[in-house]
Amino acid sequence: MSKIHNAFTVLMGIPTPVVAAPMAGASGGALAAQASAAGAFGFIGAGYLTSTGIQEELSIARAQLHLSETDTLPIGVGYLGWQLEKDPSSAIDLLNVALSNRVRAIWLAFGNNIGRWIEYVRSYDASSGRNHKTLIFLPISSVDAALTAIHDWKVDILVAQGSESGGHGYRVAPPLLTLVPAVLAVLPKEGPPLLAAGGLSTGGHIASLLTLGTSGVVLGTRFLMTKESFYNEVQKKMLVAANASSTVRTMSFDLARGTLDWPEGIDGRAIYNRTVKDIDDGVDVEIVRENWDKARQNGDADRILVWAGTGVELITEIQSTQDVVWELHADMMKYLSLVSALIAT
Ligand SMILES: Cc1cc2nc3c(=O)[nH]c(=O)nc-3n(C[C@H](O)[C@H](O)[C@H](O)COP(=O)(O)O)c2cc1C
């Protein structure tokens, strides 16, 4: 199989410049392991997990990758900053599970004190007496946030998250075609590899983002639609049926389920349904909450929560994670060859 050779793939030691995003409530050890096994790089979404839960998912990944207890785990763990910030002492436990498992990377997002957790990860590596560097992935949605991540925090991999993204993100995030060139314009030559996230579903998308100057991409929704994701059958059916007009950026589901500690300026892209309509129409939040809870128990597509990015239109089936990675790789290669063939000599 031909590989992509760039700063990101070399740093990670992978052939395919694709990351399966950390997705709280959706990506566990199986999804992450299968993505990495296929040549991409997979994350566990640890946002709402306890330390025991994280350890269980890490053990699943370790078993699926046939690795011993002392081997480095070629996957990452993604944390929600605001969850860590709720209780700093249990935050250390949550981080330590991943660090003691020698994961290859930690992803930190959506917190008011991200620098503190980055510092902790670095100090853990420095004081552990082992030769292991935990790479820090950081999503950003503005040039200012990129500058902080590059110069103050010296992150290892920067992820430009556009407004097309499924799940949570910055309400005012520009679309990728604006955000990526704006960040590249301030990225120093020796700066971290830049990845793009948001609405990407196909190999053609990946080829276009590589052509734009990124070193790789992060896909969430595409990996949500796999056999390994934790989404249930109703949610997966809704994703298959959804089109480009089905998603909306909203806080309705956070209001319904009571997750309201997100930092200022965050909302999430999900499939539009009655829960969003009710909030938009001013229905009392308590009533929305009760209806949502009942719907969740009954699997009622009219009201349940299904996060999804704009690229959901282009995904029409549920596949295995490995098949998704291989298909994306082959498709991306096809598009890249087509592009190079355009140049007349
Ligand atoms: C179900 C779901 C859960 C997500 N959970 C997280 C999370 O826990 N932490 C995070 O930083 N991003 C999270 N995201 C956003 C992803 O990291 C990524 O930026 C996004 O999925 C990319 O857009 P796409 O879904 O259109 O591919 C989530 C996305 C989805 C779809």
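Residues numbered from 1 in each chain as written. Predicted model: local features only at pLDDT ≥ 70, side-chain atom pairs only at ≥ 80, totals over all residues. Heavy atoms only, no water.

- Under the annotation held in an unreviewed UniProt entry, the protein carries the name 2-nitropropane dioxygenase and is attributed to Rhizopogon vinicolor AM-OR11-026.

**Remarks on the domain arrangement of the protein**
Then, number 1: Structurally, the protein comprises domain 1 (7-231 + 315-340) and domain 2 (247-298).
Then, number 2: Inter-centroid distance (C-alpha atoms) of domain 1 to domain 2 is 26 Å.
Then, number 3: Taken together, the contact between domain 1 and domain 2 spans 16 residues of the former and 14 residues of the latter.
Then, number 4: Interface of domain 1 and domain 2: buried area, both sides summed, is about 1,300 Å²; carbon and sulfur atoms make up 54% of it.
Then, number 5: Where domain 1 meets domain 2, there are one salt bridge.
Then, number 6: Linking D267 and R171 is a salt bridge whose minimum nitrogen-to-oxygen distance equals 3.7 Å.
Then, number 7: Counting every contact that joins domain 1 to domain 2 gives nine residue pairs in polar contact (both at pLDDT 80 or more).
Then, number 8: Taken together, the elements giving at least two residues each to the side of domain 1 that touches domain 2 come down to α4 (81-86) and β7 (167-170).
Then, number 9: Of the residues contributing to the side of domain 1 that touches domain 2, the split by class is five nonpolar, eight polar and three charged. (Domains from an automatic or database assignment. Contact = heavy atoms within 4.5 Å. Buried area = accessible area lost by both parts, 1.4 Å probe. Salt bridge = Lys/Arg side-chain N within 4 Å of Asp/Glu carboxyl O. Polar contact = N/O pair within 3.5 Å; in protein donor to acceptor, adjacent residues only side chain to side chain. Helix = DSSP H or I, 4+ residues; strand = E, 2+ residues; numbered from the N terminus. Nonpolar A, V, L, I, M, F, W, Y, C, P; charged D, E, K, R; others polar.)

**What about the packing of aromatic side chains?**
Ring pairs (aromatic) are described by centroid distance and by the angle formed between their planes.
Then, number 1: Per the counting criterion, the structure on display carries 12 aromatic pairs.
Then, number 2: For the pair F43 and W107, a centre-to-centre distance of 5.4 Å together with 75° between the ring planes defines the contact as edge-to-face. Note that F43 is positioned in strand β2 (residues 41-45) and W107 in strand β4 (residues 103-109), a separation of 64 residues in sequence. The pair formed by F43 and W107 is uniform in burial state, with each residue classed as buried.
Then, number 3: Through pairs of rings, three or more aromatic residues link up here, namely F8, F41, F43, W107 and F137. (Phe/Tyr/Trp six-rings, centres within 6.5 Å; stacked < 30°, edge-to-face > 60°. Buried < 20%, exposed > 50% of the residue type's maximum accessible area, 1.4 Å probe, protein only.)

**Describing the site of the ligand**
Then, number 1: Around the ligand, the surrounding shell holds 23 residues, and the nearest of these are W107, Q161, G199, G220 and T221.
Then, number 2: G166 places a main-chain nitrogen or oxygen 3.2 Å from an oxygen atom of the ligand.
Then, number 3: Between the ligand and T221, the relevant distance is 2.6 Å, taken from an oxygen atom to a side-chain nitrogen or oxygen of the residue.
Then, number 4: Among the secondary structure elements, those contributing two or more residues to the shell around the ligand are β4 and α10 (221-224).
Then, number 5: Split into classes, the residues belonging to the shell around the ligand amount to 13 nonpolar, nine polar and one charged. (Near = heavy atom within 4 Å.)

**Section: the pattern of salt bridges**
Once the charged atoms of two side chains with opposite charge are near each other, the side chains can pair.
Then, number 1: Under the defined criterion, the tally for this structure stands at 13 salt bridges.
Then, number 2: Ionic pairing is found between R130 and D125, a salt bridge with its closest N-O pair at 3.4 Å.
Then, number 3: Classification of R130 as buried rests on a relative accessible area of 19%.
Then, number 4: When salt bridges with common partners are traced through the structure, they connect R122, K133 and D156 into a single cluster.

**Points about the packing of helix α5 (residues 88-100) against helix α6 (residues 114-127)**
What describes two packed helices is the angle between their axes and the distance between those same axes.
Then, number 1: One can describe the packing of α5 onto α6 by two numbers: an axis separation of 11 Å at closest approach and a directional angle of 45°. Between α5 and α6, the interaxial angle falls into the category oblique. Seen along the crossing, α5 lies across α6 with a hand that is right-handed. For the pair α5 and α6, contact is made by P88, A91, I92, L95, N96, L99 and S100 and by R116, W117, Y120, V121 and Y124, respectively.
Then, number 2: Its residues assigned to classes, the contact of α5 with α6 comprises nine nonpolar, two polar and one charged. (Axes fitted to C-alpha atoms, helices over the stretch in contact; angles between N-to-C directions. Parallel < 35°, antiparallel > 145°, perpendicular 65-115°, else oblique. Left-handed = near helix turned anticlockwise from the far one by under 90°.)

**Points about the sheet that holds β7**
Then, number 1: Within the open sheet, the three strands sit side by side as β7-β11-β10. Their pairing is antiparallel. The two strands at the open ends of the sheet, each matched to only one other strand, are β7 and β10 (247-250). With direction set aside, neighbouring strand axes in the sheet form an average angle of 30°.
Then, number 2: Pairing of β10 with strand β11 (residues 266-271), which is carried by four bridges, proceeds in the antiparallel orientation. When the bridges of β11 are listed, V248 appears paired with A270. (Pairing = 2+ DSSP bridges.)

**Looking at the UniProt feature "signal peptide" (unreviewed entry) in the protein**
Then, number 1: Residues annotated by UniProt as "signal peptide" (unreviewed entry) correspond here to residues 1-20.
Then, number 2: Span residues 1-20 is 30% helix and 15% strand, its end C-alpha atoms 20 Å apart. (UniProt positions renumbered as here; feature names shortened; annotations may be inferred.)

**Section: the nonpolar core**
Then, number 1: L58, Y79, L108, F137, L158, F223 and L239 are the most contacted members of the largest nonpolar core, which has 109 residues in total.
Then, number 2: When residues of this core are assigned to domains, at least three fall in each of domain 1 (7-231 + 315-340) and domain 2 (247-298).
Then, number 3: Here F137 is in contact with F8, M12, V19, F41, F43, A105, I106, W107, L108, I157, V159 and L195, once residues within four sequence places are set aside. (Core = buried A, V, L, I, M, F, W, Y, C linked by side-chain atoms within 4.5 Å.)

**Some thoughts on the environment of S142**
Then, number 1: You can see S142 is positioned in the loop between β5 (135-140) and α7 (143-152).
Then, number 2: On the basis of relative accessibility, which here comes to 30%, the residue S142 falls in the partly exposed class.
Then, number 3: As a C-alpha pair, S142 and Y170 span 28 residues in sequence and 9.0 Å in three-dimensional space.
Then, number 4: A polar contact is formed between the side chain of S142 and the backbone nitrogen of A145, at a distance of 3.1 Å.

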